[in-house]
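Given next are the chains, with one letter for each unit.
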Amino acid sequence: MVDVEKIIARALEEGRRKLREDEAYSVLAAYNIPVPEYCLATSLSDLERCAGRVRYPHVLKVVSRDIVHKSDVGGVIVGVRDLEGDIEAYKRIMDNVRRKMPEARIEGVLVQWMVPEGLEVIVGGLRDRFFDTVVMFGLGGIFVEVLRDVSFRVAPLTMDDALEMLDDIKARKVLYGVRGMPPRDREALARIIYGVYRLLEENRNIKEIDLNPVMSYERGAYVADARIIIG
Amino acid sequence: MSKRPDLEAFFNPSSIAVVGASPKPGSLGRAILDNLLLRYKGKIYPVNPKYQNELGLKWYHSLSEIPETPELVVIAVRADFVPGILREAGEKGSRAAVIISGGFAESGPKGRELQDEAYRIAREYGIRVVGPNCIGVYNALTGVDTFFLPHDRMRRPPRGPIAIISQSGAFLASIMDWAALEGIGIAKAVNFGNKMDVDEVDMLEYFGWDDDIRVILMYIEGVKPGRGRRFIEVAREVTRRKPVILLKGGKTSRGASAAASHTAALAGDHAVFRGALKQARIIESDEILDLFDMGKALAHLRFPRGKRVGIVTNAGGPGVIMVDNLIRYGLDVPEFSPSLQERLKQMFPPRVAVKNPVDLTGDASNEDYEKALTTVVESGEVDIIVVIALMQPPVLTVDLGDLIADIAWKHHEIPFIVVTMGSDIAKKLEERVEGRGIPVYNFPERAARAVYAIAHCSKCG
């Protein structure tokens, strides 16, 4: 069992307002939120150890407290199929980042199982002055960006509330399967929402959570990217 | 669930002191006194050092002179005197105060300080406070009425099953006046202005447990910081027993703040509050008109057993619009069973549509409505009836109103809602029907909202 409090306390001590991606994943995993297996490689020689622990295909992502948008600095490489590819991707990421953001402190490269494509949804959480813990659910991409088709609920939240959120968006039909796409595992999504709720309820230092995207499947779901704001 | 907040002293006090009472016609202190004298049966103690005997009452120089402990103290004096008066009330043993006076937090930092001071004193003596900067409390059942609005300006509505909670005094006064005009019954109402102590959560809980209240209407601009969780807990409990309809003011002021995450950026405007209301099963109303329309239906009608709506109309277009709107609000307009359709077919010429809506067409007579309504109601295939009766064709007479009401009262387990559109004769039909306690709406869309409101609470009372 990972000590969530310890992870957050250490990050705060280091003056960070955001958990590193690997930290975010261990925090999520501690609340039974499904995250794809991962390993933080802190050096090229460490990469081999990591690569062997994570199933293929891999996605490699730079981990740096100074980088907000990893893709913009060439810090993400997807679809890596073997160790050779891992090494190449690692080097390329380091090159890209050193060229585009030479001052960025780099903690390492996250080697992660690249989960299969699914329906992209977003699950979030925040603290509200009036309602305290707030959770959010929506479909990814244009549904959230353009249409702002999201649903909010507040504390105290039940598992039923979380399930209801899924039906509270305009595009709810997509979750039941349209145009030959399969229906999605609603309970798995509701569990993630509920996990985010508990995480905020039990850790006052967590301010905001973005799980974006969460890949949703006929069976199960995986968090494919996570951002946890602390303070 | 904690026990109901003890706010009885506000709504059912044995005695009321009015600090800042005045015999001067047109003054606020006079209006409060007049309203109490009109209906309140308990003891009234006017407090004002300038007077001894006025309006047939003995007046007091101060609260301390009053021979008993006034259960409720109404304060309508300049803001800077209020802390002193509160202390006096506390020493006297009073535990409930309505502070009508303005000039507190709403007016700036100095007023804020004054309000904080008043709050400290209230806490010290355990005084519950409604206000400041409010019109206070109203109870049609006991005659408690601290509204400083004279009866000729704000008529008092008849007694009825509705309670109103309003952050705005003006909103409450106008809705009460309107309710009086429409004959909509109101039992209790409260406006707490700056809500220094008693707020919407307290009031919701209090009215939630109040057997005099069947429906709660709310206008608020938000909950106090940190109060949201309790609001949800209380509302969830209350909406299991009775419908709560809420209109939220200030939906667009929040704006998107500098947000570190996607989630926070999306949480602007009214999105979080709207989600919270859904979670609490509170019916959200987007317009004052809706609040009125839904309130009217809920005040008059029983809750239906289900959400199947049967429509009988003499007008095709409005019938179609009715169906569209009902479907939009999640109600069912089921096609009648073959046997019911067959019975209806045998009653009417072929031009009459019998699937639901039953469209009797412009030639329909009073008797046609009677036959169609009775047949549909007795079929057991619907839970709610909507009657659309346009009076422009020459056949119908306003006696149709009584005919509809007779059927509705005979089958009172099925709520009836009537739609009529037009001018003079439509108004006459409306009066006839509403006189018998059946709500009438002038547009199908508005009637659909009303149907939605009563069907929303099919598990209530």
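1. With respect to the overall build of chain A
Secondary structure assignment for chain A yields eight helices and 10 strands. Since a compact globule built from 231 residues should have a radius of gyration of about 17 Å, the 18 Å found for chain A is in line with a globular shape. Considered along the principal axes of its C-alpha atoms, chain A spans approximately 50 × 45 × 35 Å.

2. Brief notes about the packing of helix α3 (residues 82–92) of chain B against helix α4 (residues 109–125) of chain B
Residues and elements named next belong to chain B. Closest axis-to-axis distance for the α3/α4 pair is 9 Å, and the angle between their directions is 5 degrees. Relative to α4, the element α3 lies roughly parallel. Residues Val82, Pro83, Leu86, Arg87 and Gly90 of α3 pack against Leu114, Glu117, Ala118, Ile121, Ala122, Glu124 and Tyr125 of α4. Residues of the contact of α3 with α4, tallied by class, amount to eight nonpolar, one polar and three charged.

3. Brief notes about the domain arrangement of chain B
All names here are of chain B. Looking at the assigned domains, one finds that chain B contains domain 1 (1–143), domain 2 (149–300) and domain 3 (306–456). Between the C-alpha centres of domain 1 and domain 2 the distance comes to 24 Å. The interface is formed by 30 residues belonging to domain 1 together with 25 residues belonging to domain 2. Residues of the side of domain 1 that touches domain 2, tallied by class, amount to 20 nonpolar, six polar and four charged.

4. With respect to the nonpolar core
Within the largest apolar cluster, 240 residues are counted, with the highest numbers of intra-cluster contacts made by A:Ile193, A:Val214, B:Val74, B:Ile75, B:Val386 and B:Val451. If you tally residues by element for this core, the top one is helix α8 (residues 186–202) of chain A, at nine residues. Discounting chain neighbours no more than four positions away, the residues touching A:Ile193 are A:Val123, A:Val135, A:Phe137, A:Ala162 and A:Met165.

5. Comments concerning the sheet that holds strand β7 (residues 128–130) of chain B
Residue and element names in this part refer to chain B. Judged by pairing direction, the sheet is parallel, and its five strands sit side by side in the order β2-β1-β5-β6-β7 without closing on themselves. Looking at which strands have only one partner, the edges of the open sheet turn out to be β2 (43–47) and β7. The sheet shows a mean angle of 20 degrees between the axes of neighbouring strands, taken without regard to direction. With three bridges joining them, strand β5 (residues 72–75) and strand β6 (residues 96–99) adopt parallel strand pairing. Bridge assignment links Ile75 to a residue of β6, and that residue is Ile99.

6. Brief notes about the domain arrangement of chain A
Residue and element names in this part refer to chain A. Partitioning chain A into domains gives domain 1 (4–113) and domain 2 (119–230). A separation of 24 Å is found between the C-alpha centroids of domain 1 and domain 2. Facing the 19 residues of domain 1 at the interface are 16 residues of domain 2. Of all elements in the fold, only α1 (4–13) and α2 (21–30) reach the threshold of two or more residues within the side of domain 1 that touches domain 2. Its residues placed into classes, the side of domain 1 that touches domain 2 shows 14 nonpolar, one polar and four charged.

7. What about the pairing of strand β8 (residues 136–139) of chain B?
Residues and elements named next belong to chain B. Pairing analysis gives four bridges linking β8 to strand β11 (residues 186–191), with the strands arranged antiparallel. What sits directly across from Tyr138, in β11, is Ala189. Note: β8 against strand β9 (residues 144–145), two bridges, orientation antiparallel. Within the sheet, the bridge partner assigned to Tyr138 lies in β9 and is Asp145.

8. As for the interface of chain A and chain B
With 28 residues of chain A in contact, the opposing surface of chain B contributes 22 residues. When contributions to the side of chain A that touches chain B are tallied by element, the ones reaching two or more residues are β5 (119–128), β6 (132–139), β7 (150–154), β8 (206–216) and β10 (226–230) of chain A. Looking at the side of chain A that touches chain B residue by residue, the class counts come to 14 nonpolar, four polar and 10 charged.

9. Some remarks on helix α10 (residues 288–300) of chain B
For α10(B), built from 13 residues, the straight-helix expectation of 18 Å at 1.5 Å per residue is met to within 8% by its first-to-last C-alpha distance of 19 Å. Within α10(B), 11 of the 13 residues are buried, which leaves it mostly tucked inside the rest of the structure.

10. Digging into the environment of B:Asp145
Residues and elements named next belong to chain B. By secondary structure assignment, the location of Asp145 is in strand β9. C-beta crowding within 10 Å serves as the criterion here: with 26 such atoms nearby, Asp145 is assigned to the buried category. Counting along the chain gives 44 residues from Asp145 to Ala189, while the straight-line C-alpha distance between them is 9.3 Å. Ignoring any residue separated from it by four or fewer positions in sequence, one finds Asp145 in contact with Asn35, Leu36, Arg39, Tyr40 and Tyr138.

11. Topic: the confidence of the model for chain B
Residues and elements named next belong to chain B. When pLDDT is averaged along chain B, the result is 92; 95% of the residues meet or exceed 70. Here residues 254–259 scores under 50 on pLDDT; set against residues more than four positions off or in separate chains, the count is seven contacts. Both confidence scores are given for the complex: pTM 0.89, ipTM 0.88.

12. Describing the packing of α1(A) against α2(A)
Residue and element names in this part refer to chain A. One can describe the packing of α1 onto α2 by two numbers: an axis separation of 9 Å at closest approach and a directional angle of 155 degrees. Regarding the angle of α1 to α2, the classification is roughly antiparallel. Of the two possible hands of crossing, α1 and α2 adopt the one that is left-handed. Side by side, α1 and α2 meet where Val4, Ile7 and Ala11 of the first sit next to Glu23, Ser26, Val27 and Ala30 of the second. Its residues assigned to classes, the contact of α1 with α2 comprises five nonpolar, one polar and one charged.

About the thresholds
Residues numbered from 1 in each chain as written. Chains lettered and ligands numbered in written order. Predicted model: local features only at pLDDT ≥ 70, side-chain atom pairs only at ≥ 80, totals over all residues. Helix = DSSP H or I, 4+ residues; strand = E, 2+ residues; numbered from the N terminus. Rg over C-alpha atoms; globule rule 2.2 N^0.38 Å. Axes fitted to C-alpha atoms, helices over the stretch in contact; angles between N-to-C directions. Parallel < 35°, antiparallel > 145°, perpendicular 65-115°, else oblique. Contact = placed C-beta atoms within 7 Å. Nonpolar A, V, L, I, M, F, W, Y, C, P; charged D, E, K, R; others polar. Domains from an automatic or database assignment. Core = buried A, V, L, I, M, F, W, Y, C linked by C-beta atoms within 7 Å. Buried ≥ 20, exposed ≤ 12 C-beta atoms within 10 Å, placed from the backbone. Pairing = 2+ DSSP bridges. Expected span 1.5 Å × (residues − 1). pLDDT = per-residue confidence, 0-100. Left-handed = near helix turned anticlockwise from the far one by under 90°.

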